[in-house]
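Analysis of the macromolecular model
Below are the chains, spelled out letter by letter.
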Amino acid sequence: MNIWLSLAASVAIAATMTACGGDDDGNVGAGSSSSTTNEISFKSIATPTTNNEQNALQATDEVTVDGVKQNIGFSKLMHTTQSDNGEVYGLLKDMNDNILTMNDGNPYICNGTSNPDGSGSGLDYFSIIQKNNKLFMVSQFECQIGAFYINELNQNTTTGELSLKPNTLKYISQKDEFGGYVHCAGMKTPWESHLGSEEYEPNARKLNADGTLDDYYNHISAYWGGDITKANPYYYGWTPEVTIDSSSNANYTKHYSMGRMSHELSYVMPDEKTVYLSDDGTNVGLFMYIADRARDLSAGTLYAAKWTQTSSANGGSADISWIELGHATDSEIRAMLDPDGNVATNDGLKFTDIFDTEDGDSTTGTCSTGFTSINTSAGFECLKIKSGKEKAATYLETRRYAAIKGATTEFRKEEGITFDKNSNTLYVGMSSIGKGMEDNMKYAEANDKYDIGGNNHIKLPYNYCGAVYALDVSLDATVGSSYVAKNMYAVVTGTPIAEDADGNKCHLDAISNPDNIAFLDGSNILTIGEDTSKHINNVIWNFNVDTKELTRILTTPLGAETTSPFWYRDINGFGYMSAVTQHPDETTDDSGQSSAGVLGAIKNLK
């Protein structure tokens, strides 16, 4: 097995304990415990302290399953710039699927280090798909010009070791769906497809007459052959899906009926119809989609959450209600973007086709009669939907429309989502509690920028280390789903500290800026990956939802985020946790390349 540097320590680390949906005294509420199929524990590793430790991936080397210890390690599968089958992992391509190069003539590879300034973070997420008696690896890349790749994996039938199957790497074209954009987190669906994301949707209101918008968006010009007027901000901010057909061909689509926002992750629930959608940024929303048919995300009803606060203690808690936004099919929303069926003519709707605007009173946050005041990631605005454009507003400007309808658009850095089916508990990572989540504050100082003109539903103390929230789900006959969240409460929070000599600003034995999260099915283990500058090395933790203990199981090289944690409980009898070390420093063992790999293999998971 190709094991990266492994370091183990024997002590389990106690987590910061929070109220689980209970009262201010910390009484535990529903959903705080779960029955387990396996008794599973991982050996904890220590915080990296030496240069060698900080510059290499560290992973636990031992797991105990039902009392039996197993030796495990981390195996690297692929890294950006790696060549196979005439392709280069992470290489970006244009609207005609031709290779893109940078100004210096080098290939444009999305690895987070050699990209042009501000043009992306590198490999972010991959799924392992079992289809046609084969194992496929579908990878997505988080640059403004997004990319998807697929390859096959070999699996050792004795050890479970996974490795690249040579001569199988292929680029997945996105040209029929306007290209891709900032592909962030994703998941393997229950029907063995890859469900991805397009993060940081462009603010269409800012579009200039020459087709430019801002430095972040303008990087996509290269995809359109240098002619950014061929693009439309509404082409981006959707949920893409990659399916694999019976001939093992990868097929790419975007689900326009799931709404447009800064998609961090779309998470499919066990009914294979209910999907939760996280929205990454400042002053964003939380959304739910109910598909018309199981395993088919091409048509459904979209909802937005409303937070009614019940406590501000320990990361806060609230009752959650859902505001119905609308029903649509992918095809009817796509037609708004491409009426003539030619992706290069840019004849779709613009912001000015959907809304009338006025400046409003920025002192009082009020608007003239007929306009609605809102506060979202775009700030305070006064908007009026043009006649007949309600559906366009719902799906092309989902966050703005949700705010108009009274939903909460104050969440801050809303990240990964996962589910524990044993306790019917949904989990959502909130990388930071601040700005809109405070009460007319910014970083604990008076500032009404993030609340003026808005609903100001969330009123919490500032915590720059973030939290993971639990949401208890149950049947809602009106919505038509057994997986509707009714409340929201922090279960584990980070602990701010005075900056230490090494530059850590969150306690080393607690989480810092939680990002992607995953639940190990049949256990009591919630896995939390960090995207932080407040720990010197980013950490993947296991949080025991029963004992409230944190166990450090993996740390990435300096500069690298921990992305793509996802548990695969049974791939031909072996279990794995996937993980990516995204954009490590060039001076580390990874030499600046984003790498994908798995922790495992683990035997005897029931």
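Quantities reported herein were computed from a predicted structural model and do not represent experimental measurements.

1. A few points about the state of the cysteines
Here the structure, examined in full by the defined rule, presents three disulfides. A sulfur-sulfur separation of 2.1 Å characterises the disulfide bridge that pairs Cys 110 with Cys 143. Around the S-S axis, the bridge from Cys 110 to Cys 143 shows a dihedral of about 100 degrees and counts as right-handed. Note that Cys 110 is positioned in the loop between strand S8 (87-88) and strand S9 (120-131) and Cys 143 in strand S10 (residues 134-143), a separation of 33 residues in sequence. When the cysteines of the protein chain that form disulfides are numbered from the N-terminus onward, they connect as 1-2, 3-4, 5-6.

2. Examining helix H3 (residues 330-337)
Burial in H3 covers these residues: Asp 330, Ile 333, Arg 334, Met 336 and Leu 337. Buried residues of H3, seen end-on, are gathered within an arc of 150 degrees and therefore sit on one face of the element. Where the residues of H3 are buried, they touch strand S17 (250-255), strand S22 (296-311), strand S23 (317-329) and helix H5 (390-396).

3. A few points about the nonpolar core
Membership of the largest hydrophobic core comes to 122 residues, with the highest contact counts inside it found for Trp 322, Leu 396 and Tyr 469. Ignoring anything within four residues of it in the chain, the contact list for Trp 322 reads Tyr 276, Leu 286, Phe 287, Met 288, Tyr 303, Ala 304, Ala 305, Val 484 and Ala 485. Within the second largest apolar cluster, 20 residues are counted, among which are Ile 525, Trp 567, Ile 602 and Leu 605.

4. Re the sheet that holds strand S26 (residues 379-385)
In spatial order, the strands read S24-S26-S25; together these three strands make up an open sheet with antiparallel pairing. Each edge of the sheet is formed by a strand with only one pairing partner; in this case those strands are strand S24 (355-358) and strand S25 (372-376). Across the sheet, the mean angle from the axis of one strand to that of its neighbour is 45 degrees, orientation sign disregarded. Relative to S26, S24 runs antiparallel, the two being bridged by four bridges. Bridge pairing links Thr 357 to Leu 383 in S26.

5. Describing the pattern of salt bridges
Enumeration according to the criterion identifies 23 salt bridges in this entry. With a closest N to O distance of 2.6 Å, Glu 272 and Arg 295 form a salt bridge. Of the two residues, Glu 272 is situated in the loop between strand S18 (263-268) and strand S19 (274-279) and Arg 295 in the loop between strand S21 (286-293) and S22; the sequence distance between them amounts to 23 residues. Glu 272 sits in the buried class, given a relative accessible area of 15%. Exposure remark for Arg 295: the relative accessible area of 47% places this residue in the partly exposed category. Connected through shared salt-bridge partners, Arg 205, Glu 381, Glu 397 and Arg 400 make up one network.

6. Thoughts on the side chain of Lys 548
Within the secondary structure layout, Lys 548 lies in the loop between strand S37 (539-544) and strand S38 (549-555). Although buried, Lys 548 forms no salt bridge, and the nearest oppositely charged side chain, Asp 546, lies 6.3 Å from it. In terms of polar contacts, Lys 548 uses its side chain to reach the backbone carbonyl oxygen of Val 545, at 2.7 Å.

7. Things to note about the confidence of the model for the protein chain
Scored by pLDDT, the protein chain has a mean of 93; 94% of the residues are at 70 or more. A low-confidence stretch, residues 1-35 (pLDDT under 50), is modelled with 112 contacts involving residues beyond four sequence positions or located in other chains.

8. What about the packing of aromatic side chains?
Enumeration over the complete set of coordinates arrives at 23 aromatic pairs. Through a chain of ring-to-ring contacts, the aromatic side chains of Phe 178, Tyr 181, Tyr 200, Tyr 216, Tyr 223, Trp 224, Tyr 235 and Tyr 236 assemble into a single cluster.

How each quantity is defined
- Residues numbered from 1 in each chain as written.
- Predicted model: local features only at pLDDT ≥ 70, side-chain atom pairs only at ≥ 80, totals over all residues.
- Heavy atoms only, no water.
- Disulfide = S-S within 2.5 Å.
- Helix = DSSP H or I, 4+ residues; strand = E, 2+ residues; numbered from the N terminus.
- Buried < 20%, exposed > 50% of the residue type's maximum accessible area, 1.4 Å probe, protein only.
- Arc of directions from axis to C-beta.
- Contact = heavy atoms within 4.5 Å.
- Core = buried A, V, L, I, M, F, W, Y, C linked by side-chain atoms within 4.5 Å.
- Pairing = 2+ DSSP bridges.
- Axes fitted to C-alpha atoms, helices over the stretch in contact; angles between N-to-C directions.
- Salt bridge = Lys/Arg side-chain N within 4 Å of Asp/Glu carboxyl O.
- Lys, Arg positive; Asp, Glu negative; His and termini not counted.
- Polar contact = N/O pair within 3.5 Å; in protein donor to acceptor, adjacent residues only side chain to side chain.
- pLDDT = per-residue confidence, 0-100.
- Phe/Tyr/Trp six-rings, centres within 6.5 Å; stacked < 30°, edge-to-face > 60°.

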